[in-house]
Amino acid sequence: MARLMAPAIVILGSGALATARRIQRRYPGARVHGLRSRFDARAERGAGSGHEAGHEAGHEAGREAGHEANQEAHLQTRIEADLEAGTEGVDIVYEELSAYLRELYASGTPIIALCAAGIVIRCVAPLLANKGTEPPVLAVAEDGSAVVPLLGGLAGVNAMAREIAQALDVPPAITTSGELRFGTCVLNPPPGYALASIEQGKRFVSDLLAGERTRIEGGAHWLDDAPLPRSETARRAIRVTPLAWDGNADELLIHPRSVVVALADGDGETAVARVRDALAARGLSPLALAAVVVPSSCSGDEALERAAHALGVALRFADVADAAHTRSLPRAWLEAALPAQCEIVDAGPGIALAVAETPLDPDTIGRARGRLTVIGLGPGSAELMAPAARDALRDATDILGYATYVDMAGPFRADQRVHPTDNREEMQRARHAFELASGGRHVVMVSSGDPGVFAMASAVLEALDTSGAPHWADVELQIVPGVSAAMATAARAGAPLGHDFCMLSLSDNLKPWAVIESRVALAAQADLVMAFYNPVSRARPWQLDKALDIVRASRAPDTVVVLGRDIARPGASLVSTTLGRLSSADVDMRTMVIIGSSTTRAFSTRPPSARGTPREWVYTPRWYR
Ligand code: SAH
């Protein structure tokens, strides 16, 4: 079924915050996004970046944040905290409005922008020429006095305008004539239904506006109370049917997604043609297809995945007990799995088809192939997250990870389940992810930075390697890289990792300190640039000083050192110093320490204007003597 993402409530200044929070009460999954230069992000503030950050940031283990009631309570606490502290915070900060709105729009996120309609239009204008799915976009006056739906007529923008207007106690500024007249967008049927043709639909609505009347044929419960000009004898009809268009120009056709096709074998290459032929033979529209079902033994077959994608439906799996009977499976299986009122027919050798009166929810038919995607969020800011990671978050049914990172990865829709956990339970969390995924869920495991650098990807693979559970091996596992803290810090400083370097974690939680000492000594002798992760924590106060003593034994005091703290997060700081001056007091668990090699250099550029600030750069040249 079509799912709408939680909207982004985007504001420019603090004048809009009160209105934004009122709208947020109506959409508890939504977050308020504010311009970085005007806001400090409450959600990002205090975000620990260290392995041990759970102790610092405090976590709410077991909190199922996806639960609406909890989100409402969470929001209420935040509003109260705002009032009590007399401070203002937003949930997420962005750098620049125009690019940010385009990014939200392109990702299909509904946008509620609390600023002038003209600003919003100009920002997203470059994207409008491209046909594609258009999310709802609304402009709302900062003081809540006007709600203007701008884009996304087919995605329910007018319905949202009414909801927001009701929350703000003002009339919505609906401008769609059909909608004004009929009180509903006839061309925007609810989830589970598909409009046959938008062109045909537009003509139909303009005919009704010009005075034509209509009958309604088939179940269209959402139109029951709509003030449509009805007449039982009208030539025009709104027809709700899985049957394909028969060329009658007087009909507005809406298809319930009420057809399921089951295939006995997994020949993915011919699947699209076989399904289309089976539908066509019964006069059914491809838009009425809700799902394609194949035996579980076909799980992982990429050609079948592609076929389902080409048909625009979910691929679902039926558990077949006896492979010898697979040719008679489709019909028998559909009979067992679908509601009694479905009509089930054999549609050829090894293919059967079921047609229901009303939409069938694909999520309830057989099971999905489970998916586990391990992603890195990058160092913190949205623009440094890979689009593939964002896509995975959008498609996730379940999100797992250490609570701080899960919070950073939001906002989530009400239908997404969030499982924040304690930072130390890595293996347990990895197993939980496989259990959920092997049950057919689409699970995303979040790490900060890159998931393969001192993070969850290894734990996930170790869980798979050591479990031997066959149903885990069937999970579609993918690892999406991210910008690691060393890369993010290096880029801010210049290019200190421009030649050979190594990454070391100074945490002795998961390896003996003796190993760390020997690796630091050898790396220092080898003149490698070193990136220290997890340099210190409250539980490990002396380790960094010890490591620095070892480095100083083979590297000069004027060796360049870069310290990046909370890079790409609010309150980020970047310091360049030398090995001689470096003190462990300058470093905490949210700091990345980069120790240069003998060739790493720092220099400053001075802008021509006397008022310009000098800029320091650090780099390691590409050559080596
Ligand atoms: N997977 C992460 C690293 C996790 S280990 C990555 O690839 O970045 C946690 C350590 O990473 C912290 O102790 C700190 O040394 C470093 N770190 C993570 N995020 C950081 C940030 N935004 N700024 C500076 N250092 C960061």
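As the structure is a computational prediction, the values presented were derived from the model and not from experiment.

A.B. asks: Where do I start with the environment of Ile-198 in this structure?
C.D. replies: With respect to the helices and strands, the residue Ile-198 is situated in helix α8 (residues 198–209). For Ile-198, a relative accessible area of 30% corresponds to the partly exposed category. Sequence separation between Ile-198 and Leu-253 is 55 residues, and the spatial gap between their C-alpha atoms is 9.8 Å.

A.B. asks: It is not clear to me how the sheet that holds strand β8 (residues 214–217) should be interpreted in this structure. Could you clarify?
C.D. replies: Each strand in a sheet pairs with another by means of backbone hydrogen bonds, the pair being arranged parallel or else antiparallel. As summarised here, the arrangement of the four strands in space is β7-β10-β9-β8, forming an open sheet in which the pairing is mixed. Across the chains shown, the open sheet's two edge strands, defined by having one partner strand only, are β7 (193–195) and β8. Strand-to-strand twist of the sheet, defined as the mean angle between neighbouring strand axes without regard to direction, takes the value 20 degrees. Pairing analysis gives four bridges linking β8 to strand β9 (residues 236–240), with the strands arranged parallel. Bridge pairing in β9 places Ile-216 opposite Ile-238. Where α8 meets the sheet, its contacts fall on β7, β8, β9 and β10 (251–256), and the angle it forms with β10 comes to roughly 130 degrees.

A.B. asks: Quick question: what am I supposed to make of the packing of helix α9 (residues 268–281) against helix α10 (residues 302–311) here?
C.D. replies: In helix packing, the relevant descriptors are the interaxial angle and the interaxial distance, both defined with respect to the helix axes. At their nearest, the axes of α9 and α10 sit 7 Å apart, and the two run at 30 degrees to each other. By the criterion of interaxial angle, the relationship of α9 to α10 is roughly parallel. Of the two possible hands of crossing, α9 and α10 adopt the one that is right-handed. Between α9, through Gly-268, Glu-269, Ala-271, Val-272, Val-275 and Arg-276, and α10, the contact on the second element is made entirely by Ala-303, Leu-304, Arg-306, Ala-307, Ala-310 and Leu-311.

A.B. asks: Just checking my understanding: could you explain helix α15 (residues 456–467) for this structure?
C.D. replies: It helps to recall that an α-helix has 3.6 residues per turn; residues three or four apart then point in one direction. The first and last C-alpha atoms of α15 sit 16 Å apart over twelve residues, in line with the 16 Å expected at 1.5 Å per residue. Every buried residue belonging to α15 is among Met-456, Ala-457, Ala-459, Val-460 and Ala-463, and all of these are buried. Looking at the residues trailing α15, positive phi occurs at Gly-468, about 70 degrees.

A.B. asks: It is not clear to me how the environment of Pro-149 should be interpreted in this structure. Could you clarify?
C.D. replies: Mapped onto the elements, Pro-149 comes out in strand β6 (residues 147–151). Pro-149 gets classed as buried once you look at its relative accessible area, which sits at 8%. Each C-alpha atom of the pair Pro-149 and Met-160 lies 8.1 Å from the other, and the pair is eleven residues apart in sequence. For Pro-149, the contacting residues outside a window of four places in its chain are Val-137, Leu-138, Val-157, Asn-158, Ala-161, Ala-173 and Ile-174.

What counts, and where the lines are drawn
Residues numbered from 1 in each chain as written. Predicted model: local features only at pLDDT ≥ 70, side-chain atom pairs only at ≥ 80, totals over all residues. Heavy atoms only, no water. Helix = DSSP H or I, 4+ residues; strand = E, 2+ residues; numbered from the N terminus. Buried < 20%, exposed > 50% of the residue type's maximum accessible area, 1.4 Å probe, protein only. Pairing = 2+ DSSP bridges. Axes fitted to C-alpha atoms, helices over the stretch in contact; angles between N-to-C directions. Contact = heavy atoms within 4.5 Å. Parallel < 35°, antiparallel > 145°, perpendicular 65-115°, else oblique. Left-handed = near helix turned anticlockwise from the far one by under 90°. Expected span 1.5 Å × (residues − 1).

Read these as spatial facts, not as claims about activity.
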